[in-house]
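Structural characterization, general
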Amino acid sequence: MESRWQLPEPLLADMLGRLSTSLAAGIDVRRAWEGEARRVPARWRHAMQAVAASLASGSGLGEALSAAGRAFPPFVQGMASVGDQTGHEPETLRDVAETLRAGIRARRALRQSLAQPAFQLAVAAVVVGVLILIAGLLRDLKDRGLLADTLVAFVTEFGRMPTFQKGASGRDHNPSGFTVWLAGAGVKRAFSHGATDEFGYKAAENVATIYDLHATILHLLGLDHTRLSFYNNGIERRLTDVHG
């Protein structure tokens, strides 16, 4: 019975490698093939049995492989025929197995080399999309006359370290230096406050704490952070704690 599907190359490479070892050890090709037929997944049993039947009728391995239809690629069929004609079946099958493995390694390396740039491109596209949405939001608020009374805060949970730990796939969290921007609600336009050190490791100029940010947001909302408190666990607590 001919197969419409080709054996996966990893499966084929391993099978040909074992077959080469068996033939080099003097095991008859028909017996060696029967052993391989029992090892493959059930999906490929019909193709393997077709080859076994052709071998049993006296065909060489190259001709027998063609009896399985598309299960074995023409390259493998051709090289098996070369081995039949030259009498070097073990060496030929070993070389074919190594060629298949080399191709698998090369494709895997190519995929890995393309995965990181593709991921970075996808992230960049998402970031650009988010920025476009934010720009649209700000423009819409301005056009409707709502920006002066609306505070838009773009805040991250953490920054990112300028370096990463050995063995890590990305940079770790950095609570000592990160960027926040505010728009609307009377915030001064085109104004930058503070800067990190030259490595981007921590805030070094005009250092502002998270409590300063909370106090600023509350002020823009018309609330005095020193008077805003809530009773919890026997004490009046502020969002800015004891700061400010």
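What follows deals with the packing of helix α1 (residues 9–24) against helix α2 (residues 29–39). Put simply, α1 and α2 touch, their axes get as near as 10 Å, and they point 150° apart. By the angle between their axes, α1 is roughly antiparallel relative to α2. Both α1 and α2 take part in a crossing whose hand is right-handed. Taking contact as the criterion, the partners of Met15, Arg18, Leu19, Ser22 and Leu23 in α1 are, on α2, Val29, Ala32, Trp33, Glu36 and Arg39. Here the residues of the contact of α1 with α2 sort into 6 nonpolar, 1 polar and 3 charged.

Further remarks concern the nonpolar core. Nonpolar side chains tend toward joint burial in soluble globular proteins. Membership of the largest hydrophobic core comes to 29 residues, with the highest contact counts inside it found for Trp33, Val51, Leu61 and Phe72. Contributing elements (two or more residues each) for this core: α1, α2, α3 (45–56), α4 (61–66), α5 (74–86) and α6 (89–143). Not counting the four nearest positions on each side in its chain, Trp33 is found in contact with Met15, Leu19, Met48, Val51, Ala52, Leu55, Leu61, Leu65 and Phe72.

This next bit is on the pairing of strand β8 (residues 235–238). Sheet topology places strand β7 (residues 229–232) next to β8; 4 bridges connect them, and they run antiparallel. What sits directly across from Ser229, in β8, is Arg238. Between β7 and β8, which pair antiparallel and follow one another directly, the connecting turn spans 2 residues, one of which, Asn233, has a positive phi of 55°.

End to end, α1 covers 22 Å across 16 residues, agreeing with the expected 22 Å (1.5 Å per residue, within 8%). Three or more residues of α1 are buried, namely Leu11, Leu12, Ala13, Met15, Leu16, Gly17, Leu19, Ser20, Ser22 and Leu23. Buried-residue contacts for α1 involve α2, α3, α4, α5 and α6. Immediately beyond the C-terminal end of α1, within one or two residues, lies Gly26, with a positive phi of roughly 90°.

About the cut-offs
- Residues numbered from 1 in each chain as written.
- Predicted model: local features only at pLDDT ≥ 70, side-chain atom pairs only at ≥ 80, totals over all residues.
- Heavy atoms only, no water.
- Axes fitted to C-alpha atoms, helices over the stretch in contact; angles between N-to-C directions.
- Helix = DSSP H or I, 4+ residues; strand = E, 2+ residues; numbered from the N terminus.
- Parallel < 35°, antiparallel > 145°, perpendicular 65-115°, else oblique.
- Left-handed = near helix turned anticlockwise from the far one by under 90°.
- Contact = heavy atoms within 4.5 Å.
- Nonpolar A, V, L, I, M, F, W, Y, C, P; charged D, E, K, R; others polar.
- Core = buried A, V, L, I, M, F, W, Y, C linked by side-chain atoms within 4.5 Å.
- Buried < 20%, exposed > 50% of the residue type's maximum accessible area, 1.4 Å probe, protein only.
- Pairing = 2+ DSSP bridges.
- Expected span 1.5 Å × (residues − 1).

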